[in-house]
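Each chain, written out:
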Amino acid sequence: RAVTQTFCSGKMKLCHCCTTLLLITSISAHSDFFTSIGHMTDLLFMEKDLVSSLKDYIRAEEDKLQRIKLWADRLDDLSTAGSQDPEAFLGHPVNAFKLIKRLNTEWAELENLVLTDMSDAFVSNLTIQRQHFPNDDDQTGAAKALMRLQDTYKLDTETISSGQLPGSSSVAMMSSVLSVEDCYDLGKVAYSDVDYYHTELWMAQALKQLDQGEESSTVDSVAILDYLSYSVYQQGELERALDFTKRLLELDPSHQRANGNLKYFEYQLFKKKMKESQEDEDEEQRTRKESRGRRDDYLPERKQYEKLCRGEGVRMTPRRQSRLFCRYYDNGRHPRFVIGPLKQEDEWDSPHIVRYHDIVSDRDIEKVKELAKPRLRRATISNPVTGVLETAHYRISKSAWLGAYEHPVVDKINQKIEDITGLDVSTAEDLQVANYGVGGQYEPHFDFGRKDEPDAFEELGTGNRIATWLLYMSDVQAGGATVFTDISAAVQPKKGSAVFWFNLYPSGEGDYRTRHAACPVLLGNKWVSNKWIHERGQEFRRRCGLHWTD
C-alpha cells in the first residue's frame, strides 16, 4: 500500500498484485545557446576557465609591477644618497662604475621588463574561446525568453529583477539579480521589436533601481526617460509621456529631442482639450485603455495556454476525478511485466492520457543525454505547406535524434515502449531527445498530420502519427508542464516517468482534443524524449473502428 502511494496521489488506488510483488517493482552548434541548458552549461565552464586565465594574467602583472617597484626603491635609495654630496659620492670609483653600468645596461633591462606584455597567454585563450561565444541574436533570444516567462507566469519586473522566482533557492537568488544596465538592455530589446509594452515595463524598472540609489556607469536617468516617454506615447498615454519628458528636461534642459517632444505633446494635449467633448473623451480613454498592454497575438488560445501553464483553469470535476485510477499494469500478463508490473496512472479520462512511473533508470537517462548532447540542434517543425523542416519562434528548444542501433540503451527504451503500448515501433520515428533552455517552450500544436497537410509524413511512408510517447528525463523546479488546451488538462514533468496518448481515433481520424503544448521552463532544466509511433504495422495491434471513440 505504501509503495502504491508513492506514485499516485489524489486518485483511487487499485492493486491486483500481492504485497511481495509490489516491493519488487520499486527497482528503478554556434547559435541559439539560450535554447538549451545543456549547451549553456558548456558556456558556464568556458567562462570559469577564462576567469582563471584572467587571474593568472593579473598575478603576472602584479609580479611584474612588484619587480619594477623593487627597482624603483633601490634606485631611489642610491640617487638620494648620491645627491647629498655628488662629488664625494662619484669620487668613489665603485660608485662611478656602477652609475655608468646602470645607465648603460640596467636601465635597458628595466625598459625591457616594462615593455614585456604579460597578456599574451590570456589574450590567446580569449581569442580561441571567442569563437564559441554567444552572439547578438543569442542575447536577444534570451531577453525575449525572459519576457515570455514574465507574461506566461504573470511575473512583475521587480520579481524577475530581484531573482525571486517561484521555486528558486536562496543561494540561487543571491547571484540572480538584474542590474540597472540589465533592465535597460531588456527594454532596448523590446523597443527594437516595436514592443512598447515591455519597453515601458523594463525602462520603468531600470529607473526605479536608479532612484533607489543603485549606481550605473553606463546608463543614466536621461536615457531611460527618453525611452519611457516615447514608449508610453506609442501606447496612447499622452499625459504620462509629457510628464516623463518634463522630468527629462529637468535633468538635461538642452536635450534636443526632448525639447521637440515637449512642444509636440503640449500641442497635442491642447488640441484634444479644444476639440473633444466629454463623450468623445470617454471613448478616447476607453480606446486608449484597450490599446495598452501586449500586442495582438497570432495564437488564438494564448490566454488559455498561459492559464494552464500557471496551473489555472484545469477542468476536472470531482465526478470525473473519481474515474481516474492508479494501478499495477502488466499489459495482459506480458512476460516482461508479470513479475514486475508497471505503475500506471490515469492523467485524463477523455482522451485517455496515462502516465507510467519509474520507466527508465537514472543511469539510462544520463546515457541518453550523453549521446544526445553533442548533436543537439535548434528544434525544427514540419512546414505544413512545403513539408520542409524549419525552425520556428514558437518552438524554443534543442533536439537530437537517436536510432536504436546507436546504443543498447536506446534499443532497450524502444523495446520497452513496444512492450508497454503493444504497438509496433519498427515504423516509428527515431527517439527524439529535447532540451529546453531559458524560457524553452513549444506552443500549442498537433502531433498528427491534419487533412490540410496531406504530405506531412509522406516521405516516411509509414502513415500518420497514431500515438505519442513522452518521457520526462528530468524534474523541473518551476514551469515546463505539458498542457492540453482543448480539454484544459495539465501534466507535470516527473523524472523517469512517461505519458502516452493516441493522436488518432480507431477510425484513423485525428483527435483534435490532443492539441498540446510544452509550457516555458521558468526555473530548472527540462529534458524529454519523444517517440512518435506511426500507423503502419498497427493493423492487428490497434484495429480500425468506424466510430470516433477513444
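From a predicted model like this one, the values you see are computed outputs, not experimental measurements. (Residues numbered from 1 in each chain as written. Predicted model: local features only at pLDDT ≥ 70, side-chain atom pairs only at ≥ 80, totals over all residues. Heavy atoms only, no water.)

## As for the overall build of the protein
Piece 1. In terms of helices and strands, the protein carries 19 helices and 19 strands.
Piece 2. When burial is assessed residue by residue, the protein has 45% of its 550 residues classed as buried.
Piece 3. A total accessible area of about 29600 Å² is found for the protein, and carbon and sulfur atoms account for 53% of it. (Helix = DSSP H or I, 4+ residues; strand = E, 2+ residues; numbered from the N terminus. Buried < 20%, exposed > 50% of the residue type's maximum accessible area, 1.4 Å probe, protein only. Areas by Shrake-Rupley, 256 points an atom, 1.4 Å probe, with all protein chains shown as cover.)

## Looking at the confidence of the model for the protein
Piece 1. With 84% of its residues at a pLDDT of 70 or more, the protein has an overall mean of 85.
Piece 2. Note that pLDDT drops below 50 for residues 1-6; the model gives that stretch eleven contacts with residues more than four away or on any other chain.
Piece 3. A low-confidence stretch, residues 12-31 (pLDDT under 50), is modelled with 42 contacts involving residues beyond four sequence positions or located in other chains. (pLDDT = per-residue confidence, 0-100. Contact = heavy atoms within 4.5 Å.)

## Structural notes on the pattern of salt bridges
Piece 1. One pass over the structure, following the stated rule, counts 29 salt bridges.
Piece 2. Where Lys495 meets Asp362, a salt bridge forms, and the shortest distance between an N and an O atom there is 3.8 Å. With Lys495 in the loop between strand 15 (489-491) and strand 16 (498-502) and Asp362 in helix 18 (residues 362-372), this residue pair connects regions lying 133 residues apart in the sequence.
Piece 3. Taking the relative accessible area as the measure of exposure, Asp362 reaches 48% and is therefore partly exposed.
Piece 4. For Lys369, the salt bridge is made with Glu366, and the minimal N-O distance between the two is 3.5 Å. (Salt bridge = Lys/Arg side-chain N within 4 Å of Asp/Glu carboxyl O.)

## Describing the packing of aromatic side chains
Two descriptors summarise a pair of aromatic rings, namely the distance from one centre to the other and the angle between the planes of the rings.
Piece 1. Counted according to the given criterion, the structure contains 19 aromatic pairs.
Piece 2. Measuring from centroid to centroid gives 6.0 Å for Tyr233 and Tyr264, while their planes differ by 85 degrees, and the two rings are edge-to-face. With Tyr233 in helix 12 (residues 221-234) and Tyr264 in helix 14 (residues 256-275), this pair connects stretches of sequence that are 31 residues apart.
Piece 3. Judged by relative accessible area, Tyr233 falls into the partly exposed class, the value being 25%. (Phe/Tyr/Trp six-rings, centres within 6.5 Å; stacked < 30°, edge-to-face > 60°.)

## Here's the deal with the UniProt feature "repeat: TPR" (unreviewed entry) in the protein
Piece 1. On the UniProt side, "repeat: TPR" (unreviewed entry) is annotated at positions that read residues 222-255 here.
Piece 2. In residues 222-255, the share of helix is 79% and the share of strand is 0%. The end C-alpha atoms are 9 Å apart. (UniProt positions renumbered as here; feature names shortened; annotations may be inferred.)

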